[in-house]
Structure formats: C-alpha cells, structure tokens
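# Descriptive analysis of the structure
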Amino acid sequence: MRMTRRSVLAGGAALLSYSMLASSALSQEARLRVLWWGSQARADRTNKVNQLFQSENPGVSTNGEFLGWSDYWPRLATQVAGRNAPDIIQMDYRYIVEYARRGALAPLDDYLGSVLKVEDFDKVQIEGGSVDGKLYGVSLGANSAAMMVNTVAFEEAGVDLPTPETTWDDMARIGAEITKAGKRKGFYGIADGSGVEPLFENWLRQRGKALFTKDGKIAYDANDAADWFAMWAAMREAQACVPPDIQALDQYTVETSPLSLGKAAASYAHSNQFVAYQGVNKDKLALNNFPLISKDAKGGHYRKPSMFFSVSAQAKDPELGAKYVNFFVKDPKAAEILGVERGVPESAAVREQLAPTLDELGRAMLDYVSGLGALAGALPPPPPSGAGEAEFALRTVAEQVSFGQLDAKQGGETLVNEVSQILSRG
Amino acid sequence: MTDATISTVTAPPPATISGRSPLSSTLIHAALIAASIAMLYPLLWMVSASVRPEDEIFSSTSLWPSSVDFASYVRGWFGLDVSFGRFTWNSLVIAVLTVIGNVIACSLAAYAFARLRFAGRNFWFAIMLGTMMIPYHVTLIPQYVLFLDLGWVNTILPLVVPKFLASDAFFIFLMVQFFRGIPRELDEAAMMDGCGAWRIYWKIMLPLSLPVLATAAIFSFIWTWDDFFGPLIYLNDMNTYTIQLGLRTFVDSSSTSDWGGLFAMSTLSLVPVFFFFLFFQRLLIEGIATTGMKR
Amino acid sequence: MAAVQDSAVAVGAGAKARPAAQGRLAAIWTKHGAGYMFLLPWLVGFFALTLGPAVASFYLSFTNFDLIRSAEWVGTANYVRIATADPKFAASLKVTIVYVVLSVPFKLAFALLVAILLNRGIKGLTFYRAIFYLPSLLGGSVAIAVLWRQLFAGDGLVNSLLAQFGIEGPSWISHPDYSIWTLVVLSVWQFGSPMIIFLAGLRQIPTDMYEAASLDGASKFRQFYKITLPLLTPVIFFNAVVQTIEAFKAFTPAFIISGGTGGPINSTLFYTLYLYQEAFGNFRMGYASALAWILVLIIGLFTAFSFLTSRYWVHYDD
C-alpha cells in the first residue's frame, strides 16, 4: 500500500475546504530562496553576495534565511517534507547522502561546464559532493580535522608545542607533563578524544583502515576499536587527558570543548572553526594536525568539503540555482566578500586572489589545509545512511569505557556490534 | 442573590493570620530570603556574563567580571540584520493575541465542561485531555503542511489562530478546575432570576474567576514569549522573528557565536515579561475581593 | 472518564418547565445546545487543526515515512521493533519515568509550601512572588544551558559550596550517575507555574471559613487540614496531572543541557528527545510517530488512573 502524505491530511484539511484559501501568489520575477546555517558574520557576507548577484541578474530576487546549526536541521526537514524547500540549501558532508538518496536534491551534472564552471576545483572536492555518481553539492570550502592548541598553556608548562611529527606516544607524555606542571587549577594536558569520530577516523586511516567501506559497511574490527579505547584508557590513567566527567561536558561545539572551558591545552575540531575557537579563548591558539601512530605514518587526514551549496529538487528553476552557486564560488567580487569564512575556497583562481588579503587567522587556516602534504590521504567515500547514529554510538561507548562501565576490549566489541546493526538498518 | 450584589461585595483584607509572633515572622523572612538568593544566583550570573569580556564567559565561574563593558547590549540590539526592537514588537503582538485568544476561547470551553450538561460531555473532555498528550514533534509536519496549504506559513496566523480556537487544553482544564470551585448556589440563584447560560458565564463565572483568568493570562504571555519551536518552523523571514528566535540567532555551535550579545539580550528580554507578570499578579490579589464574599 | 460528574441540575431543570408542544428538537436544543455553543470554538479548532495532524501521525506510525519520500505502509513493524528490538526505547522510557517520579513530587511540594508561605499576608509578598517566579520566566532559553554548567560542572558553584565542607564533588551535570538530578533541580527551580496556580487556588478559599473555624477554636494546623487542604484538592489534582503529563513529554531541558545528545551514556535521554532524534536526526518519522503513540498510551493510562482515584480524594464544591 502506498499513500502520499498529502492524501492522509486531506481528511483534516478538507473538513473546512481550506484549499480555496491556499496561496497561489506567483510573482513575475524569479525568486531564489537561500537557506544556510551560521552566525550573523556569515549572514552579512552572504547577504552582500546575494545583493551582488541580484544586481548582475536583473529580474532575479534572492531571499536569504539563516539559523544556528541546531535549529537549521529541523526547519530544513520540515520545509522539505512540506514541499516548501528553499531553492539553495547549505548542506553538510554528513547529511548530503541522506538528502540526496531520498531525492530532495537536484543533480547538477547537466550544468557542469555550462553555468557551473568548476574546472579549476580540486577533482577530489567535486567527488566529495557526489552521491552514487551524481553531483549534488558544490563545496564552499575545504577544511580538515585539526587539533586546536593553547600555545600559552604549553609555554607555561615548559613543554614544546606539538609539530606535524608528534606521535601519540609523544602526546601522552606531553599531556601528562602539562597536567603535572599544575600551572592552572583543574587543568589537564589534552581533551579525551576517544569519542571524537574525526580523531578516531584519522587514527584508523593511519592504520590503513577506515570508518566505512564503499558499500556502506563497517571498515574496522573489534580489535581496532579495543586498541583505540586502550590507548585512551592509558592516557586517562596517566592523567594525560581530562577525566571522564569533564570530557562529558563537551558537546562537540566550540564553547563546550575542554579547550574553551579552560580544562585542557588541546582539543579536536575542524580547521574552519579556528576563528570561532580563538573568539572564545583568551590565549593564543595554534592549529596542528592530529598525532601520528608512528613517526612515518601518513594519510590520516583528508581535505573535505566543509559545507556545500545544493539545489533543491523542488526548485522551479534548477539552472538558475546552479548559476547562483557558480557565482558564489567563482565570482571574484563574491570571493572578496566571502573570504575564507566557510573554509578555504576550492577554486584555485579564488585562492590565489585571496591569499594576499587574509588576516593572521585566515592565513593560518589556509596554510594548515594546504600544507598537510603527505599527512592527507584520499577522500573517503561519502558516509552511508546511519553514519550520524554510528557517530553517536562511538561517543556513547567511549563514555561507557571512560566511566568504567566497560573495559577497552568490551568497548571494542560493543562498538562494532552497534555500528554494524545501525548500518544494516540503514 | 443578583449580579449587582456580587460585583459590589467589598473586599476583606488579605488572608492574614493574625497574632503571629515576631520570631516566626523573622524566620519566615530568613527562609524566603535564602530561597530568593538560590533562585536568583543563576540570573545574576547571566547579567554579569552580559557585561564581561567574551573570552571570560566560559572559563570563569566568578560572579564578578574582571571589567564591565556594556558593548554587548549595543552589539546585541543592533548587531543582527533586524534590530531587537522589531523582535520585541513581534513577540508582543503574538503574546498579546495569544493571551486574548486563550482567555476567551478556553473560558468558554471550560464553562461548558464545568457547568453545562450536554450529551458527550465526558467524551469530549477526555478527548480534550488527550490532545495534551501527543508529543508535538510528530504532528508538526502534518500541521505544517496544513498551514502551508492555507498560505499561513511565514505569518503569525499558525501561532495565533489556534489560540482563538482553544487549542491549549492546559488552560481549559485549569479553568474547569477553578470554575468547579465556584459555589453552584450562585448559578442556581441567577437561574431563578431568569438568567441564561450566557449571562451566568458573563456575570458570575468570569467576575468570580479573576485569579484563574489572571493566571491563564500570565502563563499564556510568558509561554508564548519563551516559545521558539513554533516560531522556528513558521516564521522564516527575519523581519517576523520573535525574541527567542532572535536570541538563538546569536548562537551557531559550528562557528562563531556572540555570547555577550546573547546574554545581554536574554537579560533585556526578561524585562517586558517581568513587568507583564507584575501587572497581572495584582489581579491575583484583587481576586480575593470577589472570592471572599458571603456564601 | 468520570472527570466531570453530572451535576448540572439547573440547566436541565429549565428544560423540564417548558411545554411539551415545543417539540423534541427544541427540547434537545435546550438540553444540549448551550453546551455545544460554548464548546464551539474548541470543536472547530479540534476538527480543523488538531484532529487531522493527529490522525496523520497515527497513520504514519504504520509507515516508514522518512520526511522526504512518500510514506510506505509497513504494518505493525514499527511497534514490533519498539516492543522487541529497541534498547534505546527501554533506556529512554526508564530515564523519563525516573524524571517524572523525582521531579513532579519535589516540584509540587516546593510550590505548595512556598504558595502557603506567601499566602500568609506577609510583608514583601509581591517582591517574593516576583523573585520566585523569575526563574520560570527564562523557560527553555539557550542561556539556561550555560547557567546550569556554571552551577553543576566540576568547578561550578555547587562544588565550591561543598568544598567549604571538605567535600569534593564530581561534575554533576556530566556524570552519568548524577546528570538526571541536575535536570530534576532545573525542573524544581522553575516551580513558578504550579506555585501561581496554588496561590490562585488558595485565594479562592473564602476567608469566612477560616473566621468561623477560628471562632470554633480550631488550631491553625487543624484549619489547614480541615479547610485548606480539602478545598485545594481540585487544584492539587490539576497540578499533579498536568505536571506529570508535562514531565512525561519533557524535551527542552534535556535538549538544551545535553546539547541534544541525551548524554552522557544516554543518562538524560528523555523519551521525547529520543523520538526527536529518530524523527529529525535519523529520518525515521514513521518510527518516531509509533514512539509517540506509545507515549500517548502510557500517559493516557496514567491520567485515566488519576481520574479514577480522584473521586476518593478530590473535593469539588459542586
């Protein structure tokens, strides 16, 4: 039996035959609704670009809406479900698969080369916006997972800052030294990253494994996960990282990380969040790659699209949408307005144009992402349906281990079991 | 007894219990003041956070900021595309309409449930309570589709019209409980004088229910003021945003947030509700006047 | 449900007095019409705005609706999964029941106590009432999340106070054994609404009853037991039922304080938070709808039970 959502509602709505009142106001000019998440600072830049786009495309009006991350998803889901989706949707790497596979996004392949001129993009980054061989999102900027380091706390403790060659063994030692130095009250070396998925993924990749296979299955085994948990258990034991009840304050947001709370000298995030982290931290921060499993390990990191613009499958004029997206990522004047606020631009020409104009923080981000070298490997396949739940499972199991409900070995088995189940449910 | 005598009954003093010793009075005040401090501490911290430097908000637990700066208030008020004055106005319009709608529509339904006899009364009462139990997240999308078909999305209609149709069962149930506390002899006396249901509702029930009507008004206002999920879904254009939506716009957990602005505007946003509360709670006291009457 | 006992004698009596010639219709109208007239706004709202979405969500609970694609009928699969194969359902239900059992009695007792204290005509009544209501003004504001961390994190105010007594407390808000308590405290802290309702109820008790009792020489304690409590039972009943329903449906506190995760280790995973995660995080609106209707069943049973027992202890004046 198959029924549409609307026919279900027909009963309720028809009772007062409301359809007469339904709005059908269609104006002559083309209207583009753009929805994104972010701060007012991002909105200021985006709105300016929208103005610019309007002035260069007479007869087109744009209408921007923005929300904070956590409010963004329920509103988007409701609008998509109600067939009232915005034309241009800012998409996250995690959700693009969910929306694309369900047919909420328009494939953009037809516009490649005509209105969408992304030839000078990194090939890999275009693939990053592809699902099942079709392009559903154009990357607005590259970033990579990164360690945020409180340089002042390191100095106070008399410890050298981490370098690209720092290994996990080094990090455990450094962490314990910072905690031991006791220069600040209730202060520890590093945040407990056992439940941080990008960190775990990075570590797996250095081992030659991954989170998910191409066909959406789990790509590591219980031993990998047990080793991971055991490594953190040792660091916890040695007080190299924060204790579990402090780590549990971390909601993986900028302001709740142990770094921002003044509990640890290093925490894990993404490079494009550098400005935000510096904003709530008094001490000078630095970016560093994640530690290595051994001196010659590589390929843990990867440059990934920080976010996309996608065109809604419900858009009246997808070509206009593609044109807008192209303007957003390619136009020199737009680029000047946008800067690196959404991550390092993908277009080589835009990067070149921007490089001399960046401030110190922007510079650091650009240098970090483009300087990863051999530390960065290939982009993993887009996360499968259920990836969000799998991330949640990692976090919960990591907490079970850190709070002592499970040992590392049990943790490894539990995690692999749960993730396998989640992925098979889809 | 007729209407006239009801409305002119004079008020005895508040329900003071005389002859209390100074000691017990002091103890009560001490307990109340201690409780007040516990109640207020988090709010004081919020005010203090609104004037302290941004990079100190999360790492310091002290109540005293290292320096005081009101820049957050200016930035908060003018920092978004639309000023907070606009949000305040939008919130006020919705809240006031909600108060009116709830008080009128819910008191009508409550009167029917509490006093009138009609077939199916218990059935409808149970259904009405049942509507309180459904988590709104699962009716959200069907409701959104309905309002979208009506062309009401991006207007305040989805937030206001249901209130005039007594959609909030909480208030109906609340009023039913209070209406049933009003002595039935009053209705019967009025009935003898030839009053119909409408006159009894208007001349006896409502005047005698000022405390609960004031309560409903206060809650309607405050809960509407604090609501964000409804506005989040139905108000898309920033010009139509309410205060709570405006506040949430300061925070983006994935990038930069303006925490100083959030706390400054959170503090300011308490001012109108607080005055609304102060004003309407007087009605709670005045309510004594009518309920202290002879029976 | 025996919620409203049939005691509207007055209206019925009016109908009897009329001559039979006016016909059956008129009699029916006189008997039932007024009730439906007063109920009309609610009925319109119910049929036009509430019923449709409710029926739709009930239907969706038998489908695999994922928010975007059309819903496909899956029979009772969602309910079967809830009953047999969903550990998070059991976990979240347990968290919710613990929350209901802890928060509702504490909140109501506190609200009643303060309301009685404030009803004694003491000086500064307005001031205290306003102060005690202030926390409730904040509602579910984002600011609460930060405030609560300031109080209940490892180096928060609570632990600073405990340190005065030589006790070293954990980070209450982020420890799986204690985190639910911080939500209970938040609920009790925002006790303003039931307090106001209690106050309004106390105000409705005619003062002459106390005067009569005083003349009879009844002690204040006796007056409280014999007059205040019985006359307040409809309001106590209301607060208990409504607060319990609200506590079962509680969403915002856990959502803002745990950042939507329900952590650590699902210790604050309220039922509706889990439902929300399923609906909007994991694109399983059909499954979430089934969860919702299970919750309606649970709350409904509880409420029906409350109404059944209410006839033994709730005193109505009518």
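Everything numeric here is computed off the predicted structure, so don't read it as measured data.

What counts and how
Residues numbered from 1 in each chain as written. Chains lettered and ligands numbered in written order. Predicted model: local features only at pLDDT ≥ 70, side-chain atom pairs only at ≥ 80, totals over all residues. Helix = DSSP H or I, 4+ residues; strand = E, 2+ residues; numbered from the N terminus. Rg over C-alpha atoms; globule rule 2.2 N^0.38 Å. Contact = placed C-beta atoms within 7 Å. Buried ≥ 20, exposed ≤ 12 C-beta atoms within 10 Å, placed from the backbone. Pairing = 2+ DSSP bridges. Axes fitted to C-alpha atoms, helices over the stretch in contact; angles between N-to-C directions. Left-handed = near helix turned anticlockwise from the far one by under 90°. Nonpolar A, V, L, I, M, F, W, Y, C, P; charged D, E, K, R; others polar. Bend = angle between axes of the 7 residues up to and from the residue. Core = buried A, V, L, I, M, F, W, Y, C linked by C-beta atoms within 7 Å. pLDDT = per-residue confidence, 0-100.

## Some remarks on the overall build of chain C
Within chain C, the regular secondary structure consists of 14 helices and 0 strands. Taking 20 Å as the expected radius of gyration for a compact globule of 318 residues, we find that chain C reaches 25 Å, considerably beyond that expectation. With respect to the principal axes defined by its C-alpha atoms, chain C has extents near 75 × 65 × 30 Å. Partitioning the contacts of chain C with sequence separation of at least 6, the portion at a separation of at least 24 is 66%.

## Structural notes on the overall build of chain B
Check the secondary structure of chain B and you find 14 helices and 0 strands. Starting at the N terminus and walking to the C terminus, you meet the elements of chain B as α-α-α-α-α-α-α-α-α-α-α-α-α-α. When each of the 295 residues of chain B is scored for burial, the buried share is 54%. By sequence separation, contacts in chain B at least 24 residues apart represent 74% of the contacts at least 6 residues apart.

## Quick look at the sheet that holds strand 1 (residues 30-37) of chain A
Residues and elements named next belong to chain A. In spatial order, the strands read 2-1-3-10-6; together these 5 strands make up an open sheet with mixed pairing. Across the chains shown, the open sheet's two edge strands, defined by having one partner strand only, are strand 2 (60-67) and strand 6 (138-143). Strand-to-strand, the axes of this sheet are offset by a mean angle of 15 degrees, without reference to chain direction. Bridge analysis of strand 1 against strand 2 gives 8 bridges, and the strand direction is parallel. By the bridge assignment for strand 2, Arg-33 is matched with Asn-63.

## Description of the interface of chain C and chain B
Chain C puts 84 residues into the contact, and the matching count from chain B is 93 residues. The element best represented in the side of chain C that touches chain B is helix 2 (residues 23-60) of chain C, accounting for 17 residues.

## Thoughts on the packing of helix 2 (residues 22-50) of chain B against helix 5 (residues 125-138) of chain C
For the pair helix 2 of chain B and helix 5 of chain C, the least separation of the axes is 9 Å and the interaxial angle reads 35 degrees. Relative to helix 5 of chain C, the crossing made by helix 2 of chain B is left-handed. Taking contact as the criterion, the partners of Leu-32, Ser-36, Met-39, Leu-40 and Leu-43 of chain B in helix 2 of chain B are, on helix 5 of chain C, Tyr-128, Ile-131, Phe-132, Leu-134 and Pro-135 of chain C. Along the lines of polarity and charge, the residues of the contact of helix 2 of chain B with helix 5 of chain C split into 9 nonpolar, 1 polar and no charged.

## Side note on the sheet that holds strand 9 (residues 285-288) of chain A
Residue and element names in this part refer to chain A. Spatial ordering of the open sheet is given by 8-7-9, a layout of 3 strands whose pairing is antiparallel. Each edge of the open sheet is held by one strand with a lone partner, namely strand 8 (266-270) and strand 9. Averaged over all adjacent pairs, the angle separating strand axes in this sheet is 35 degrees, with direction ignored. Pairing between strand 7 (residues 145-150) and strand 8: 5 bridges, direction antiparallel. The residue bridging Met-148 from the neighbouring strand is Ser-267, located in strand 8.

## What about helix 5 of chain C?
Residues and elements named next belong to chain C. Of all the bends in helix 5, the greatest reaches close to 30 degrees and is centred on Phe-132; the proline Pro-135 follows between one and four positions later. Turning to helix 5, its buried residues are Tyr-128, Arg-129, Phe-132, Tyr-133, Leu-134, Pro-135, Ser-136, Leu-137 and Leu-138. Once helix 5 finishes, Gly-139 follows within two positions and takes phi at roughly 55 degrees, a positive value.

## Points about the nonpolar core
Residues and elements named next belong to chain B. With 312 residues, the main nonpolar core has Ala-109, Ile-172 and Met-175 as its most contacted residues. In terms of residues, this core owes the most to one element, helix 4 (residues 84-115), which gives 15 residues. Apart from residues no more than four positions distant in its own chain, Met-175 is found in contact with Cys-106, Ser-107, Ala-110, Val-212 and Ala-216.

## Thoughts on the environment of His-137 of chain B
Examined against the element boundaries, His-137 of chain B turns out to sit in helix 6 (residues 136-149). With 92 residues separating them in the primary sequence, His-137 of chain B and Phe-229 of chain B have C-alpha atoms 9.6 Å apart. Excluding anything up to four places from it in sequence, His-137 of chain B contacts Thr-272, Leu-275, Tyr-276, Ala-279 and Ala-288 of chain C.

## Brief notes about the interface of chain A and chain C
Contacts between chain A and chain C engage 36 residues on the former and 36 residues on the latter. Where the side of chain A that touches chain C is concerned, the elements lending two or more residues are helix 1 (5-14), helix 3 (69-81), helix 10 (244-247) and helix 16 (387-402) of chain A. When grouped by side-chain class, the residues that make up the side of chain A that touches chain C number 17 nonpolar, 12 polar and 7 charged.

## What to know about the environment of Thr-139 of chain B
One can find Thr-139 of chain B in helix 6. On the neighbour-count criterion, Thr-139 of chain B (24 C-beta atoms within 10 Å) is buried. Not counting chain neighbours up to four residues away, the residues in contact with Thr-139 of chain B comprise Ile-134 of chain B together with Pro-53, Ala-54 and Ser-57 of chain C.

## Some details on the pairing of strand 9 of chain A
The side chains of a regular strand alternate, first on one face of the sheet and then on the other. All names here are of chain A. The alternating pattern of strand 9 places Leu-285 and Leu-287 on a buried face, while none of Ala-286 and Asn-288, on the opposite face, is buried. Across 4 bridges, strand 7 lies against strand 9 in antiparallel orientation. Note that in strand 9 the partner of Asn-150 across the bridge is Leu-285.

## What about the confidence of the model for chain C?
Residues and elements named next belong to chain C. Residues of chain C with pLDDT of at least 70 account for 92%, and the chain-wide mean is 85. Ignoring residues within four places in sequence, the model shows residues 1-18, a span with pLDDT below 50, making 36 contacts including any to other chains. Interface scoring of the predicted complex returns ipTM 0.86; its pTM is 0.88.

## Side note on the confidence of the model for chain B
All names here are of chain B. The pLDDT averaged across chain B works out to 82; a share of 88% of its residues lies at or above 70. Below a pLDDT of 50 lies the segment residues 1-19, which in the model reaches 25 contacts outside its immediate sequence neighbourhood of four places, other chains included. The low-confidence segment residues 288-295, where pLDDT is below 50, has 21 contacts with residues more than four positions distant or belonging to other chains.

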